[in-house]
Amino acid sequence: MFSDGFIQSSIRKQQRQLSKLQRFSMPWFPKLALLLIALPVLFIVVLICRDKGFNPMVAAGLMHDSSQPTSDALLGGLLAPDIRRKSCLSRYQSISYRKSSLHKPSPYLVSKLREYEKLHKRCGPYTKSYKKSIKELVSGQIDSSSNCRYVVWLANCGLGNRILSMTSAFLYALLTDRVLLINEESDMSNMFCEPFPDASWILPEDFPFMNQLYSFGRDYAQSFGNMLENRMINTSTELLPSCLYLYLSHDYDHHDKLFFCDQEQAILRNIPWLIMKANIYFLPSLFLMSSFEEELSKLFPDKEMVFHHLGRYLFHPSNQVWKLITSYYKKYLAKAEERIGIQIRIFDNKTSPVEHVMDQILTCTDKEKLLPRVDMGKSIVAPSGKGKSKAVLITSLVPYYYEKMMNMYSKHPTLNGEVVAVYQPSHEEEQQSENNVHNQKAWAEINLLSMMDVLVTSAWSTFGYVAQGLGGKKPWILYKIENKTIPDPVCGRAKSLEPCFHAPPVYDCKAKREVDTATIIPYLRHCEDIYWGIKLFNSTYY
């Protein structure tokens, strides 16, 4: 299990190379001598080039290059093929654990990602352009001829929120031709691979205003929202600052939300550095802006696949986390004929007692025919091994649900003869967002959930949103229990794969009045699990 045994060194597999001597006949001694000289030289060249990602034997057509990622491994063109495999094993191996996605990225999105990678390589940390931009930032001067502009993302809240807000920040960077840089704190170290070829997205530790980043919050005087409220900045302001702070977290106010208005975006367009503190999936509100409408339509003709594509492009477990994932999967889950993931997140133990949640899970999985019933009047004497095998992966902060379900299926036979095994990688008891080991376990569990054939997730949970998006599977949602009352129905199938934006703006920028933003465009609707949230749907549903 994750808690102790899961974090361990994976079994080292030694690869043995066998050489075969072949007899040959050469009538002339000079040819033999030439061959004896050439072979050692060729062998040395192969050794030198191997670590540089080039194989001369492949180039000469003498050997098939099995190390080159296939089209499926590149996720339909989402991933660039020129990143060394050893630096990030999960990037090209994840296809072996998840079913191939039926949803291919648009050619326009693929080309836009390749363009972004070139921009990031040119303007990223430690480049000549980056150093020039830092000098301008410190001096407060803006060079209008500079082609490098930046969004710096700051962490806030738990892992699911971070991944969703980073994705939102990346799409904003993509739409505005900016470079995204991540302020990686110690609790996020060694979690993700670098997503872009030959460049880092980590904000360097010598960033000149690093100490100020930690004091930035909603009441920060130099935030964009506060400057708008105090009329310190507008579209006619001539001397713009070289840097602005954007507060896009769940408790932001009306003036912070003006970020989602085209008029205010015109101001931000001319500011080289934007420092963004966010913990919400604000991405759906980018679709409300007319200035982005055409570009977004070309990038995402399928509106329900935005996070599915961007999440799989950006977030690949580090080699350390990938070892945890693959070793657990192979040991407990690989042999099952069907795998069911149940993600449980309780926000209030008083209003949602564990007994009620357990009843809700069993009712849902029975009603939707996800798991078989058991004969409580009989006991298992010996496993029959004849029925279909199912593995249930439970992720929860507490062991209660695992213990109840494991005891039920291990002690009593199922009515249909299926054999059900239940597993739980860890139970941390409480969320520890500032603990790196805790976050690594959480990231491993999100990926394991994304590898399941069927998903059951908890309402409101960003943890579940990320898992369903990476896996490309619409889950059954366990609706929130209120006042110790199990809802009816207990669960329902998600209509859209997209995550929910929990704190959307309620303002029509053009009409300058409050409005339900789920009514403005046809592909934004309220979420299935939070009635005030909004998410992206394909408009064909309505």
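Rules behind the numbers
- Residues numbered from 1 in each chain as written.
- Predicted model: local features only at pLDDT ≥ 70, side-chain atom pairs only at ≥ 80, totals over all residues.
- Heavy atoms only, no water.
- UniProt positions renumbered as here; feature names shortened; annotations may be inferred.
- Helix = DSSP H or I, 4+ residues; strand = E, 2+ residues; numbered from the N terminus.
- Buried < 20%, exposed > 50% of the residue type's maximum accessible area, 1.4 Å probe, protein only.
- Contact = heavy atoms within 4.5 Å.
- Areas by Shrake-Rupley, 256 points an atom, 1.4 Å probe, with all protein chains shown as cover.
- Phe/Tyr/Trp six-rings, centres within 6.5 Å; stacked < 30°, edge-to-face > 60°.
- Lys NZ or Arg CZ within 6 Å of the ring centre and 35° of its normal.
- Disulfide = S-S within 2.5 Å.
- Pairing = 2+ DSSP bridges.

An unreviewed UniProt entry lists the protein chain under the name Fucosyltransferase, with Citrus sinensis given as the organism. One UniProt comment on the protein chain, placed under Subcellular location (unreviewed entry), says "Golgi apparatus, Golgi stack membrane". In the Sequence similarities (unreviewed entry) part of its UniProt record, the protein chain is described as follows: "Belongs to the glycosyltransferase 37 family."

Engineer: I keep staring at the overall build of the protein chain and nothing clicks. Help me out?
Structural biologist: Counting secondary structure elements, the protein chain contains 19 helices and 14 strands. Taking all 542 residues of the protein chain together, the buried fraction comes to 51%. The contacts of the protein chain with a sequence gap of at least 6 include a subset with a gap of at least 24, amounting to 74%. On the protein chain, roughly 26900 Å² of surface is accessible, and the fraction owed to carbon and sulfur atoms is 53%.

Engineer: When you look at the packing of aromatic side chains in this model, what are you seeing that I'm missing?
Structural biologist: Here the distance between the centres and the angle between the planes together describe a pair of aromatic rings. This structure, assessed with the given rule, holds 34 aromatic pairs. Pairing Tyr 150 with Trp 273 gives two aromatic rings, centres 4.1 Å apart and planes at 15°, and the pair type is stacked. Separated by 123 residues along the polypeptide, Tyr 150 in strand 1 (residues 150-154) and Trp 273 in strand 4 (residues 273-278) bring together distant segments of the chain. Each member of the pair Tyr 150 and Trp 273 is classed as buried. With a centroid separation of 5.1 Å and 45° between ring planes, the pair formed by Tyr 332 and Tyr 423 is classed as tilted. One end of the pair, Tyr 332, is in helix 15 (residues 319-333); the other, Tyr 423, is in strand 7 (residues 419-423), with 91 residues separating them in the sequence. Ring pairing ties together the aromatic residues Tyr 116, Phe 170, Phe 192, Phe 196, Trp 201, Tyr 313, Phe 315 and Trp 443, which thus form one cluster. In this arrangement the basic side chain of Arg 493 is found over the ring face of Trp 476, its NZ or CZ atom lying 4.0 Å from the centre.

Engineer: Help me understand the state of the cysteines in this model?
Structural biologist: What makes a disulfide is a covalent bond joining the sulfur atoms belonging to two cysteines. Applying the stated criterion across every chain, the model contains five disulfides. The disulfide partner of Cys 261 is Cys 509, and the S-S distance across this bridge is 1.9 Å. Where Cys 261 bonds to Cys 509 through sulfur, the torsion about that S-S bond is close to -75°, and the disulfide is left-handed. Of the two residues, Cys 261 sits in the loop between helix 10 (254-257) and helix 11 (262-268) while Cys 509 sits in the loop between strand 11 (507-508) and strand 12 (513-514), which places them 248 residues apart along the sequence. The disulfide partner of Cys 364 is Cys 491, and the S-S distance across this bridge is 2.2 Å. Across the S-S bond of Cys 364 and Cys 491 the torsion is about 95°, and the bridge reads as right-handed. Of the two residues, Cys 364 is situated in helix 16 (residues 354-367) and Cys 491 in strand 10 (residues 491-493); the sequence distance between them amounts to 127 residues. On the basis of relative accessibility, which here comes to 0%, the residue Cys 364 falls in the buried class. In the protein chain, the bonded cysteines, taken in the order they occur along the sequence, pair up as 1-4, 2-3, 5-9, 6-7, 8-10.

Engineer: Looking at this structure, how should I read the pairing of strand 3 (residues 243-248)?
Structural biologist: It is a general feature of regular strands that their side chains alternate between the two faces of the sheet. With respect to burial, strand 3 is a largely interior element, six of its six residues being buried. On strand 3, burial covers both faces: Cys 243, Tyr 245 and Tyr 247 on one face and Leu 244, Leu 246 and Leu 248 on the other are all buried. Relative to strand 4, strand 3 runs parallel, the two being bridged by six bridges. Looking at the pairing, Tyr 245 lines up with Ile 275 of strand 4.

Engineer: Which parts of the structure should I look at to understand unusual backbone geometry?
Structural biologist: Residues apart from glycine generally show negative phi values, whereas peptide bonds are mostly found in trans. Following Asp 488, the chain continues to Pro 489 via a peptide bond in cis, the omega torsion being 5°. Inspection of the secondary structure assignment puts Pro 489 in the loop between strand 9 (476-478) and strand 10. Residue Leu 75 is not a glycine yet carries a positive backbone phi of 55°. Within the secondary structure, Leu 75 is located in the loop between helix 3 (56-59) and helix 4 (89-93). Residues other than glycine seldom take positive phi values, yet Asp 177 does so here, at roughly 55°. Position of Asp 177 relative to the elements: it lies in the loop between helix 7 (159-176) and strand 2 (179-182). By relative accessible area, which is 45% here, Asp 177 ends up partly exposed.

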